[in-house]
Amino acid sequence: MNFNSLNEIASYIVSDGKGILAADESNPTCTKRFDSIGVESTEENRRDYRELLFRAEGMKGNIGGVILFDETIRQKAADGTSLVDIINAKGALPGIKVDKGLSAIGDSEESLTQGLDGLDERLKEYFELGAKFTKWRAVINIGEGMPSSEAISANMEALADYAKIVQNNNMVPMVEPEVLMDGAHSIDDCYDATSRCLESLFSYLTDRGVDITGTILKPNMVTSGSKASNQASIEEVAQRTVDCLKANVPESLPGITFLSGGQSDVDATAHLDAMNKIGGFNWKLSFSYGRALQQPALKAWMGQSENGSLAQEALSHRALMNKLASEGKWDQSLEN
Ligand code: 13P
């Protein structure tokens, strides 16, 4: 596939209801996921699992991009084909996580994402390896006195600096300011924190001269805290999320692809569908799910190659359900 601009790449990824498969778990996070099914997290097992996901039939037409971890972008399938080539053959574009994880701000519970050092050199190699887009994740907590303005500002500034360096290297930056669901906070608290982050982020992106038309936003949805006794309905999450995005995100942004953040797979689909049924916005509203796309496939696989086609069917199903949700065409009855 040939692209003439960053906008063409970003627009392709979210075209026709397509979304992103987030498969960029770091090795420690992948180990956590494999522990849950009793599988050892070796390089070969990680390769086998991801190879089977990328070869799933349902990648085609439903997935426009795959986010990889450093190890994976270099890996070859059992038959010698590179995993990047397998992804490209499904009509999806390879992306790469480029941040270096979180570092605590002083002795607070807040963090600042690291990774600007040496980023330019790393990006040049990832470009050569076939990456068309990149991801950087900032993490924002809600709690007593949190998020602080300092944590928001430092993280959004780093996201903008990262985005500019990525565009200078001819790749599309995905900017991910994740307000965590952890806690007993209300949906109003989540709206407020998300709104403050997005306002700050777009102000820094503009300040740094980042081309918004060649950028993808990966936000959280506006939800109740995971431990809140009063959980907002699907309709309320959808409406509050759309309101928050409309208040803070420029219309020229081509795509918004949500993270799932610990939502169940069907909830993540139902929320996305409800937002697209509300409509009235210019950006494509789509998905960049990790757990909400992979969980059923991981459970079906259980580390056994004879379960490979079941795992692929599970991923294909979720990919199709989310594509339909990105077009506002999903219905609960399709899950059965
Ligand atoms: P989840 O959808 O599991 O939250 O993962 C998406 C992701 O890439 C987080 O950075």
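See the structure printed just above.
Here the structure is a predicted model, which means the values were calculated and not measured.

Within the protein, the regular secondary structure consists of 12 helices and 10 strands. For a compact globule of 336 residues, the expected C-alpha radius of gyration is about 20 Å, and the protein comes in at 19 Å, within 12% of that figure. If one aligns the C-alpha atoms of the protein with their principal axes, the spans along those axes are about 50 × 45 × 40 Å. Counting over 336 residues, the protein shows a buried share of 58%. Looking at the protein as shown, the accessible area adds up to about 13500 Å², and 46% of this sits on carbon and sulfur atoms. Looking at the protein, you have 32 positive and 49 negative side-chain charges, and the mean spots of the two groups are 4 Å apart.

Below, the discussion takes up the sheet that holds strand β1 (residues 19–23). One closed barrel accounts for eight strands, arranged β1-β2-β3-β6-β7-β8-β9-β10; its pairing is parallel. Across two bridges, the pairing between strand β8 (residues 216–217) and strand β9 (residues 255–258) is parallel. In the sheet register, Leu217 faces β9, and the bridge partner there is Ile256.

Lys135, Lys218, Ser260, Gly261 and Arg291 are the nearest of the 13 residues found near the ligand. Within the side chain of Ser260, one N or O atom sits 2.5 Å away from an oxygen atom of the ligand. Within the backbone of Gly290, an N or O atom sits 2.8 Å from an oxygen atom of the ligand. Burial of the ligand by the surrounding chains reaches 91%, relative to a free accessible area of 300 Å². Counting residues per element, the ones that place at least two in the shell around the ligand are β6 (133–140) and β10 (284–289). Partitioning the shell around the ligand into residue classes produces three nonpolar, four polar and six charged.

For strand β3 (residues 93–97), the buried fraction is high: five of the five residues fall into the buried class. Side chains Leu93, Gly95 and Lys97 of β3 all project onto a buried face; the interleaved residues Pro94 and Ile96 project onto the opposite face, where all are buried too. As judged from the four bridges shared by strand β2 (residues 63–68) and β3, these two strands associate in the parallel manner. In the strand pairing of β3, Leu68 is matched with Ile96.

Further remarks concern the nonpolar core. As a rule of thumb, nonpolar side chains are buried together in soluble globular proteins. Ranked by internal contacts, the top residues of the largest apolar core, which has 90 residues, are Phe54, Val66 and Leu217. In terms of residues, this core owes the most to one element, helix α8 (residues 187–207), which gives nine residues. Ignoring any residue separated from it by four or fewer positions in sequence, one finds Leu217 in contact with Val175, Pro177, Leu198, Leu201, Phe202, Leu245, Val249, Leu253, Gly255, Ile256 and Thr257. Counting residues in hydrophobic clusters, the runner-up holds 13 residues, among them Leu6, Ile9, Ile13 and Ala22.

Next up on the list: the pattern of salt bridges. Inspection of the entire model under this criterion finds 20 salt bridges. Among the salt bridges present, the one from Glu25 reaches Arg50, with a minimum N-O distance of 2.9 Å. Placement of the pair is Glu25 in the loop between β1 and α2 (27–35) and Arg50 in helix α3 (residues 43–54), with a sequence separation of 25 residues. Accessibility assignment for this pair places Glu25 and Arg50 in one class, buried. Here Arg137 makes a salt bridge to Glu178, at a shortest N to O gap of 2.6 Å.

Enumeration according to the criterion identifies seven aromatic pairs in this entry. Centre to centre, the rings of Phe34 and Trp301 are 5.5 Å apart; their planes meet at 55 degrees, and the pair counts as tilted. Taken together, the residues span a long stretch of sequence, with Phe34 in helix α2 and Trp301 in helix α11 (residues 291–301) at a distance of 267 residues. Residue classification places Phe34 among the buried positions, given a relative accessible area of 0%.

Attention shifts here to the pairing of β10. The buried fraction of β10 is high, at five of six residues. Bridging between β1 and β10 involves two bridges; their strand directions are parallel. Bridge assignment links Leu21 to a residue of β10, and that residue is Tyr289. By the bridge criterion, four bridges tie β9 to β10 in an arrangement that is parallel. Looking across to β10, one finds that Ile256 is bridged to Leu285. Considered for its hand, the β-α-β crossover made up of β9, helix α10 (residues 265–278) and β10 is right-handed.

Mapping Thr113 onto the fold places it in strand β5 (residues 111–113). The class of Thr113 is buried, set by a relative accessible area of 3%. From its side chain, Thr113 meets the backbone oxygen of Arg137 in a polar contact 2.7 Å long.

This paragraph deals with unusual backbone geometry. For the bond from Met146 to Pro147, the omega torsion is 0 degrees, close enough to zero to count as cis. You can see Pro147 is positioned in the loop between β6 and α7 (149–168). One non-glycine residue, Asp16, lies in the positive phi region at around 55 degrees. Examined against the element boundaries, Asp16 turns out to sit in the loop between α1 (6–13) and β1. A residue is classified by how much of its surface remains accessible, and Asp16, at 52% relative accessible area, is exposed.

What counts and how
Residues numbered from 1 in each chain as written. Predicted model: local features only at pLDDT ≥ 70, side-chain atom pairs only at ≥ 80, totals over all residues. Heavy atoms only, no water. Helix = DSSP H or I, 4+ residues; strand = E, 2+ residues; numbered from the N terminus. Rg over C-alpha atoms; globule rule 2.2 N^0.38 Å. Buried < 20%, exposed > 50% of the residue type's maximum accessible area, 1.4 Å probe, protein only. Areas by Shrake-Rupley, 256 points an atom, 1.4 Å probe, with all protein chains shown as cover. Lys, Arg positive; Asp, Glu negative; His and termini not counted. Charge placed at Lys NZ, Arg CZ, Asp CG, Glu CD. Pairing = 2+ DSSP bridges. Near = heavy atom within 4 Å. Polar contact = N/O pair within 3.5 Å; in protein donor to acceptor, adjacent residues only side chain to side chain. Nonpolar A, V, L, I, M, F, W, Y, C, P; charged D, E, K, R; others polar. Core = buried A, V, L, I, M, F, W, Y, C linked by side-chain atoms within 4.5 Å. Contact = heavy atoms within 4.5 Å. Salt bridge = Lys/Arg side-chain N within 4 Å of Asp/Glu carboxyl O. Phe/Tyr/Trp six-rings, centres within 6.5 Å; stacked < 30°, edge-to-face > 60°. Right-handed = clockwise from strand over helix to strand, strands pointing away.

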